[in-house]
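Below are the chains, spelled out letter by letter.
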Amino acid sequence: MFQKNTTLGEFIIDKQKHFKYTTGELSRLINSIRLAAKVVNHEVNKAGLVDILGNASDINIQGERQQKLDVYANNIFMQTMTNRQIVCGVASEEEDDFVSIHSKNGGDNNKYVVLIDPLDGSSNIDVNVSVGTIFSIYHRVTPVGTPVQLEDFLQKGTKQVAAGYIIYGTSTMLVYTTGHGVNGFTLSPAIGTFYLSHPDMKFPETGSIYSINEGYYSHFPQGVKDYLKYCQEDTEDRPYSARYIGSLVSDFHRNMIKGGIYIYPTSSKAPKGKLRLLYECNPIAFLTEQANGLATDGYKRILEIEPTELHQRVPFFCGSKSMVDKVHSYMNQYP
Ligand code: AHG
Ligand code: MN
Ligand code: MN
Ligand code: MN
């Protein structure tokens, strides 16, 4: 067990021993994410003071109007990884296509690809509510030394090597897994160092929080409507509390600590759901399972979905095991 004052840098070096024949490449990659996170954090912290709030002029591939901080965070993460040439490719929510990183210094020789949601919850930026970054790391499947291909990014979530998020909140945290549990590190703003503050994070087996955008209630599938009725019933341990920030990272972080369920279902307005399989659902599902929770599309495991396109959307049900089991019992009545 690690001491609470272990730094993220020390922790990463120690964890290298989990990986046989390691070259330190994954450690360097996580270190570069840590560095980019600190730069973005600095900008998010002064967002009200400098001209970084509000819309940028572009609509992204998702059909969303980009915020200035979406663009800024995307540039910082892309540049940090590109300049260090520690990955052979990156795909981002904010880029139309994946970016292949190759150069005379041998970017093609790296073995990892990264998929990233550079700024999650961007609709919350202007009102000083927590936002985040989500990342997902895979081994490429095409040969090292050749340019990356789409198939390197379209891998099932079970193939992830590491995944995590940064939450820019009342304190800034980096939470990640390499498949050996979930650990959370809090940034000391004075020193600029992440310290282990939440070792071995686990979802409580059950909880009393449900997180869903109930404004879309009339558009939800019947199974979700029935489950919401269940959450609101007056019994000994219910009604549950509704908590919805509108930043997946923040809603997930709270539910993992307190026990709860997050649902972004299909709706007649968003027939495939809203959240992105590769940038949001897979990394959060990997963390969820590593923390004893369940993450599904309402019926089956998120991590086993075979991706067909980069910006694919899926419905997302994620949280404490017994709560996700319960919503399944309602969903299964309408297969
Ligand atoms: P992003 O800011 O990366 O585009 O993600 C927004 C996502 C997610 O963070 C959040 O949970 C969800 O959209 C909120 O959507 P609604 O406003 O439809 O509830
Ligand atoms: Mn977006
Ligand atoms: Mn997002
Ligand atoms: Mn985003």
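Residues numbered from 1 in each chain as written. Chains lettered and ligands numbered in written order. Predicted model: local features only at pLDDT ≥ 70, side-chain atom pairs only at ≥ 80, totals over all residues.

An unreviewed UniProt entry lists the protein chain under the name Fructose-1,6-bisphosphatase class 1, with Urechidicola croceus as the source organism. For the record of the protein chain, the UniProt heading Subcellular location (unreviewed entry) holds the text "Cytoplasm". (UniProt positions renumbered as here; feature names shortened; annotations may be inferred.)

Draft legend 1. Main features of the pairing of strand 6 (residues 131-139). With respect to burial, strand 6 is a largely interior element, eight of its nine residues being buried. Relative to strand 6, strand 5 (residues 112-120) runs antiparallel, the two being bridged by seven bridges. Looking across to strand 6, one finds that Val 113 is bridged to Tyr 138. (Buried ≥ 20, exposed ≤ 12 C-beta atoms within 10 Å, placed from the backbone. Helix = DSSP H or I, 4+ residues; strand = E, 2+ residues; numbered from the N terminus. Pairing = 2+ DSSP bridges.)

Draft legend 2. Summary view of the sheet that holds strand 13 (residues 261-264). What the five strands build is an open sheet, ordered 12-11-13-15-14; its pairing is mixed. Of all the strands in the sheet, just strand 12 (241-242) and strand 14 (294-296) have a single pairing partner and so form its edges. Sheet topology places strand 14 next to strand 15 (residues 316-319); three bridges connect them, and they run antiparallel. Residue pairing across strands places Ala 295 opposite Cys 318, the latter belonging to strand 15.

Draft legend 3. Quick peek at unusual backbone geometry. The residue after Arg 238, namely Pro 239, is reached through a cis peptide bond having omega 10°. By secondary structure assignment, the location of Pro 239 is in the loop between helix 5 (222-232) and strand 12. Although it is not a glycine, Asp 200 adopts a positive phi angle of roughly 50°. Locating Asp 200 in the fold gives a position in the loop between strand 10 (193-198) and strand 11 (209-211). Positive phi, normally seen in glycine, also occurs at Asn 292, with a value near 70°. Within the secondary structure layout, Asn 292 lies in the loop between helix 7 (277-290) and strand 14.

Draft legend 4. Focus on the environment of Val 87. Looking at the secondary structure, you find Val 87 in the loop between helix 3 (68-84) and strand 3 (89-92). Its 23 C-beta neighbours within 10 Å are what place Val 87 among the buried residues. With residues near it in sequence (within four places) discarded, Val 87 still touches Leu 29, Met 81, Ile 101, Asn 110, Tyr 112, Val 113 and Val 114. (Contact = placed C-beta atoms within 7 Å.)

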